[in-house]
Amino acid sequence: MERPDNLVIVIFGATGDLTSRKLLPALYSLSNQKLMPEKFALLGVGRSELTSAEFRKRIEESIMDHSEEIEYDFSHIPEFTSQAEYFNIDYASVSDYKRLRSLIESLCKKNCLKGNLIFYLATPPSIYEVISTNLSQSGLEIPTNGFRRFIFEKPFGYDLESSRKLNNTLHGLIKEDQIFRIDHYLGKETVQNLLVTRFANGIFEPLWNRNYIHRIEITSAESIGVEERGGYYDSSGALRDMVQNHLLQITGLTAMEPPSSLGAEAIRNEVLKVFQSLELIKEEDVEKSVIRGQYTASTIRGENVQGYRYEKGVDVNSKTETFVAMKFFINNWRWSGVPFYIRTGKRMPTRVTEVVIHFKQSPQNLFQREPGTLAGNQLIIRIQPDEGILLKFDMKEPGAGFNVKNVNMDFHYTDLADVKIPSAYERLLYDVMMGDSTLFSRDVEVETAWKFIDPIHKAWKNNPQIKIYGYPAGTWGPELSNNLIEGEGLTWRYPCKNLADEELYCEL
Ligand code: NDP
Ligand code: BG6
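Draft legend 1. Spotlight on the environment of isoleucine 9. Within the secondary structure layout, isoleucine 9 lies in strand 1 (residues 7–12). Residues isoleucine 9 and glutamate 153, spaced 144 residues apart in sequence, show a C-alpha to C-alpha distance of 15 Å. Residues contacting isoleucine 9, with those up to four places away along its chain left out, are Leu27, Met36, Ala41, Leu42, Leu43, Ile118 and Met433.

Shown next, in the form of structure tokens:
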């Protein structure tokens with residue numbers, strides 16, 4: 001792979017959780033693989049008063065604590081951190097942006113960099129506008145000598161109106177092709193593999209429609225709570241934090257038509273068409289189609305865990321959802337009548353993200369089934385952990401008669417020797433440095449996703465009688481979420497740590 005051109009990366013929100021857990025380890029990993037530019041400078045920006053030496057120490061700690069690989073070469077950390085500086089900012093102060101500009105210019109001069117700049121906005125989204133406007137007023141957005149690229153973390157806006165406003169502001173300052181709206185799920189190798197599974201294998205495509213598929217289920221569960229992010233999360237909730245972006249993007253890739261090419265526009269156009277075909281959930285239907293929950297105190301494997309309302313930064317009367325499950329439809333030729341079920345939550349039994357395609361049953365039920373098992377094949381695409389694919393199908397049990405048993409055929413990425421699955425942020429940061437926007441969202445895509453989400457928020461706001469259910473931390477969310485799934489005896493799949501296992505209680 002090619003090395004990007006020399007550049008400066010400026011990270012706003014450099015003292016935050018995202019920077020420490022994901023961005024810095026990803027940049028270091030790229031540097032270890034010689035996929036960072038030969039020369040670069042890393043400038044952390046934040047309100048916290050830190051010296052550059054303290055910031056370098058934090059970088060070292062975050063690489064040590066959060067690098068995903070087990071056997072890892074930490075020997076280049078001093079060289080890596082030596083390229084880092086920290087700038088203490090008051091986001092509203094125009095003079096601070098002038099000082100920032102001078103610092104960037106001197107970094108470019110000192111390191112013989114040509115002026116390529118990437119600005120990564122890893123702050124709460126409420127300050128994206130103020131940062132962009134001030135960068136513009138200080139002249140930093142103008143590509144005088146090299147490129148200027150801007151990365152915006154999700155959620156992009158708070159609702160349709162605010163995302164439109166943000167888009168309009170940005171379009172007044174910079175060009176759309178300078179904007180990289182990041183959704184790190186699109187950077188996950190296994191999410192991209194959805195495209196390969198569907199469009200490289202001739203056997204799936206003929207079955208991938210309403211004629212053969214009974215329902216599609218997407219789960220993204222986390223075992224962690226809100227940790228240190230209570231302040232941000234309490235004003236966001238699971239619907240904004242996970243559904244509007246990550247889960248809808250996975251839905252888009254699962255449901256899209258084949259793209260005409262692998263070009264950025266071709267793929268994004270098809271995902272957009274899926275979003276445009278989402279049947280909006282009417283305000284009066286929200287109560288029955290969307291279940292929200294909030295985790296309560298519990299004991300998980302012997303450890304006491306506090307309820308959401310007692311987490312740091314969270315209002316004790318908070319009605320913010322930490323769990324959401326919903327049923328919806330995609331109104332187009334391919335998917336008409338096929339229910340899509342999505343579910344996400346914090347403090348669930350395990351960390352798992354997967355797509356389950358439930359195929360329709362065979363039309364004639366000739367055989368005796370193992371008690372407790374349901375007919376119908378399932379294809380499970382495991383995004384994380386134990387990444388892989390599992391096909392569940394029926395086989396004859398050896399012996400007399402025709403008793404049928406449900407068996408697994410599975411592939412695990414770990415079976416591929418010597419394959420390192422790059423972290424999502426590694427892939428996406430590299431793509432921005434190379435100027436490839438394929439895995440980033442366009443303005444209209446983000447706005448269309450908000451159009452789907454807004455009526456749900458409105459219904460919750462306007463109808464306080466719509467319940468938010470408590471669920472004990474460490475469980476699969478409110479029991480009622482099973483009622484969403486239509487059909488006798490049908491429930492969500494209860495995935496385990498290992499792709500091929502399922503059930504409520506298993507290795508987690
Ligand atoms: P944090 O709450 O950790 O905030 C990041 C930093 O922003 C803080 O360290 C703080 O730094 C600064 N900050 C916080 N509040 C304000 C404020 N009101 N005004 C100005 N600056 C503020 O957030 P995360 O790092 O978790 O998330 C940042 C963004 O990344 C969010 O949009 C989130 O959705 C997204 N994201 C986060 C992920 C994660 O795993 N954490 C994963 C994917 C996306 P200081 O006070 O020093 O300026
Ligand atoms: C982020 C959310 O976008 O995704 C977090 O803001 C969540 O709340 C995280 O924890 C999950 O990402 P991953 O890659 O760990 O599944």
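Draft legend 2. Inspection of the site of ligand 2 at higher detail. Ligand 2 sits among 13 residues. The nearest are Tyr185, Lys188, Glu222, Asp241 and His246. One of the side-chain N or O atoms of lysine 188 is found 2.6 Å from an oxygen atom in ligand 2. In the environment of ligand 2, an oxygen atom lies 2.6 Å from a nitrogen or oxygen atom belonging to the side chain of histidine 246. Look at ligand 2: alone it shows 400 Å² of surface, and the protein chains cover 91% of it. The biggest single contributor to the shell around ligand 2 is helix 9 (residues 237–255), with three residues.

Draft legend 3. Region of the structure containing the side chain of glutamine 192. Within the secondary structure, glutamine 192 is located in helix 7 (residues 189–200). Glutamine 192 has contacts with Leu186, Gly187, Arg427 and Leu439, leaving out every residue within four places of it along the chain.

Draft legend 4. Region of the structure containing the nonpolar core. Within the largest apolar cluster, 144 residues are counted, with the highest numbers of intra-cluster contacts made by Phe12, Leu100, Phe119, Tyr120 and Met326. Each residue touching methionine 326, except ones within four places of it in the same chain, is listed here: Leu239, Val243, Ile281, Ser289, Val290, Phe340, Tyr341, Ile342, Phe452, Ile456 and Leu484.

Draft legend 5. Focus on the side chain of aspartate 241. Structurally, the position occupied by aspartate 241 is in helix 9. When its relative accessible area of 2% is taken as the criterion, aspartate 241 is described as buried. In this structure the side chain of aspartate 241 is engaged in a polar contact, spanning 2.6 Å, whose partner is the side chain of tyrosine 232. With residues up to four places along the chain from it excluded, the contact list for aspartate 241 reads Lys154, Arg229, Tyr232, Tyr233, Ser236, His246 and Lys346.

Draft legend 6. Examining the site of ligand 1 more closely. Thr15, Asp17, Arg47, Ser48 and Lys154 are the nearest of the 23 residues found near ligand 1. Within the side chain of threonine 15, one N or O atom sits 2.7 Å away from an oxygen atom of ligand 1. Residue arginine 47 places a main-chain N or O atom 2.6 Å away from an oxygen atom belonging to ligand 1. Considered on its own, ligand 1 offers 870 Å² of accessible surface; in the complex 84% of this is hidden by protein.

Draft legend 7. Representation of the packing of aromatic side chains. The full count for this structure, using the stated rule, is 21 aromatic pairs. Ring plane angle 65° and centroid distance 6.3 Å describe the contact between phenylalanine 204 and tryptophan 208, whose orientation is recorded as edge-to-face. Aromatic pair phenylalanine 328 and phenylalanine 452: ring centres 5.3 Å apart, planes at 65°, arrangement edge-to-face. Of this pair, phenylalanine 328 sits in strand 11 (residues 323–328) while phenylalanine 452 sits in helix 13 (residues 443–462), and the two are 124 residues apart along the sequence. The exposure class assigned to phenylalanine 328 is buried, which follows from its relative accessible area of 1%. In this structure, arginine 347 is placed above the aromatic ring of tyrosine 295, and the distance from its NZ or CZ to the ring centre is 6.0 Å.

Draft legend 8. Focus on the sheet that holds strand 12 (residues 340–345). As summarised here, the arrangement of the ten strands in space is 14-17-16-15-13-7-12-11-8-18, forming an open sheet in which the pairing is mixed. The open sheet has two edge strands with one neighbour each: strand 14 (368–369) and strand 18 (468–472). Each of strand 7 (213–221), strand 11, strand 12 and strand 13 (352–359) is contacted by helix 9, which is oriented at about 140° to strand 12, the strand it contacts most.

Draft legend 9. Structural context of unusual backbone geometry. Omega for the peptide link from lysine 154 to proline 155 comes to -5°, which places this bond in the cis form. With respect to the helices and strands, the residue proline 155 is situated in the loop between strand 5 (148–152) and helix 6 (160–173). A cis amide bond, omega -20°, links glutamine 384 with the succeeding residue proline 385. One can find proline 385 in the loop between strand 15 (378–384) and strand 16 (388–396). Even without glycine at this site, aspartate 386 takes up a positive phi of about 45°.

Draft legend 10. Structural detail: helix 6. Taking 1.5 Å per residue, 14 residues should reach 20 Å; helix 6 reaches 20 Å between its end C-alpha atoms and fits that length. Taken as a whole, helix 6 has its buried residues at Leu160, Ser163, Leu166, Asn167 and Leu170. The arc enclosing the buried residues of helix 6, seen along the axis, measures out at 130°, which places them on a common side. In helix 6, the exposed positions that point more than 90 degrees away from the buried face belong to Glu161, Lys165, Asn168 and Gly172. Contacts made by the buried residues of helix 6 are with helix 5 (128–137), strand 5, strand 6 (179–181) and helix 13.

Each value, and the rule that gives it
- Residues numbered from 1 in each chain as written.
- Chains lettered and ligands numbered in written order.
- Predicted model: local features only at pLDDT ≥ 70, side-chain atom pairs only at ≥ 80, totals over all residues.
- Heavy atoms only, no water.
- Helix = DSSP H or I, 4+ residues; strand = E, 2+ residues; numbered from the N terminus.
- Contact = heavy atoms within 4.5 Å.
- Near = heavy atom within 4 Å.
- Polar contact = N/O pair within 3.5 Å; in protein donor to acceptor, adjacent residues only side chain to side chain.
- Areas by Shrake-Rupley, 256 points an atom, 1.4 Å probe, with all protein chains shown as cover.
- Core = buried A, V, L, I, M, F, W, Y, C linked by side-chain atoms within 4.5 Å.
- Buried < 20%, exposed > 50% of the residue type's maximum accessible area, 1.4 Å probe, protein only.
- Phe/Tyr/Trp six-rings, centres within 6.5 Å; stacked < 30°, edge-to-face > 60°.
- Lys NZ or Arg CZ within 6 Å of the ring centre and 35° of its normal.
- Pairing = 2+ DSSP bridges.
- Axes fitted to C-alpha atoms, helices over the stretch in contact; angles between N-to-C directions.
- Expected span 1.5 Å × (residues − 1).
- Arc of directions from axis to C-beta.

So yeah, pure geometry; function would need other evidence.
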